[in-house]
Amino acid sequence: SRMLASASTQTATDQQGAAEGKLAPLLAAARAASRSLPHLDRRAALVAVAEHLRGGSALVLEANAEDVAAERERGTSAPLLDRLTLTAERLESMAVAVLQVADLPDPLGRVLAGWETPNGLRMRRVSVPFGVIGMVYESRPNVTVDAAVLALKAGSAAVLRGSSNALASNRALVSLMRAALEAAGAPADAVQLVDSKDRALVTALLRARGQVDLVIPRGGAGLIRHVV
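The model shown is predicted, which means the values in this text are computed figures rather than measured ones.

Draft legend 1. Layout of the sheet that holds strand 4 (residues 157-161). Strand order in the open sheet formed by 4 strands is 5-4-3-6, with parallel pairing between adjacent strands. Edge positions in the sheet fall to strand 5 (191-193) and strand 6 (214-218), since each has one partner strand and no second. Strand after strand, the sheet turns through a mean of 20° between neighbouring axes, direction not considered. Sheet topology note: the strand 3 (residues 132-137)/strand 6 ladder contains 5 bridges and is parallel. Bridge pairing in strand 6 links I133 to L214. Contacting strand 3, strand 4, strand 5 and strand 6, helix 6 (residues 142-153) runs over the sheet at an angle of about 160° to strand 4. Along the sheet, helix 7 (residues 167-183) contacts strand 3, strand 4 and strand 5; its crossing angle with strand 5, the most-contacted strand, is approximately 160°.

Quick look at the structure:
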């Protein structure tokens with residue numbers, strides 16, 4: 001039994017190492033892209049994202065139909081199917097929301113506090129980007145766009161790991177956003193998708209200290225406990 005336990009532990013370690021190795025190039029690309037974001041016209045990049053979402057709606061809806069059909073075949077309940085489903089109206093709402101974020105004041109370079117030391121040195125605390133933000137979330141494909149857009153507005157790269165049942169939808173959405181960034185002269189690698197159903201990649205993302213600056217969970221209690 002000890003030999004079996006040891007073999008099982010070694011297998012798990014090997015699998016985790018493989019997951020970390022698979023994730024490393026993606027995180028390195030996100031880090032490189034993040035360095036230029038604060039100096040770019042991020043509003044123009046987000047406007048391009050909204051335009052590409054509108055122009056590529058047929059691609060997204062086709063991919064989403066694939067996800068929904070697979071879940072319906074698995075017997076997924078109607079409320080959960082509704083959370084997964086995208087429509088032309090929902091895509092338009094997503095594009096409008098992107099434009100609303102684009103028009104928000106720039107959060108970077110704001111003076112948050114200032115003071116002068118007794119020896120006359122003037123100090124300021126100024127807002128800066130996190131760098132690379134990981135987002136782990138469930139079901140709703142619209143979160144793919146919400147998370148990426150908010151990170152970009154704040155001058156950070158986004159590494160997205162959505163639900164496995166929305167993988168086709170998320171691929172289509174991220175593909176459009178990356179194309180939009182390129183069209184606007186911004187680095188496409190600022191938006192990355194963890195394109196796998198392998199849960200070991202979630203743990204690898206959480207352990208990527210020095211490569212990811214912040215990880216945000218959005219979902220049920222089980223997901224949040226795992227991230228914590």
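Draft legend 2. Region of the structure containing the confidence of the model for the chain. In this model, the chain carries a mean pLDDT of 92, and residues with pLDDT of at least 70 account for 93%. The element-level mean pLDDT for the chain is lowest in helix 1 (residues 2-34), coming to 76, with helix 2 (residues 42-55) highest at 98.

Draft legend 3. Inspection of helix 3 (residues 57-73) at higher detail. Taking 1.5 Å as the rise per residue, helix 3 with 17 residues should run 24 Å; its terminal C-alpha atoms sit 24 Å apart, in good agreement. Those residues of helix 3 that are buried are in contact with helix 4 (78-84), helix 5 (88-102) and helix 7. G75 sits one or two positions beyond helix 3 and adopts a positive phi of about 85°.

Draft legend 4. Quick peek at helix 5. End to end, helix 5 covers 21 Å across 15 residues, agreeing with the expected 21 Å (1.5 Å per residue, within 8%). Taken together, the buried positions of helix 5 are L91, M94, A95, V98, V101 and A102. Buried residues of helix 5, viewed axially, fall in a sector of 120°; they line one side. Away from the buried face of helix 5 by more than 90 degrees, exposed residues E89 and Q100 are located.

Here is what the cut-offs are and how they apply
- Residues numbered from 1 in each chain as written.
- Predicted model: local features only at pLDDT ≥ 70, side-chain atom pairs only at ≥ 80, totals over all residues.
- Heavy atoms only, no water.
- Pairing = 2+ DSSP bridges.
- Helix = DSSP H or I, 4+ residues; strand = E, 2+ residues; numbered from the N terminus.
- Axes fitted to C-alpha atoms, helices over the stretch in contact; angles between N-to-C directions.
- Contact = heavy atoms within 4.5 Å.
- pLDDT = per-residue confidence, 0-100.
- Expected span 1.5 Å × (residues − 1).
- Buried < 20%, exposed > 50% of the residue type's maximum accessible area, 1.4 Å probe, protein only.
- Arc of directions from axis to C-beta.

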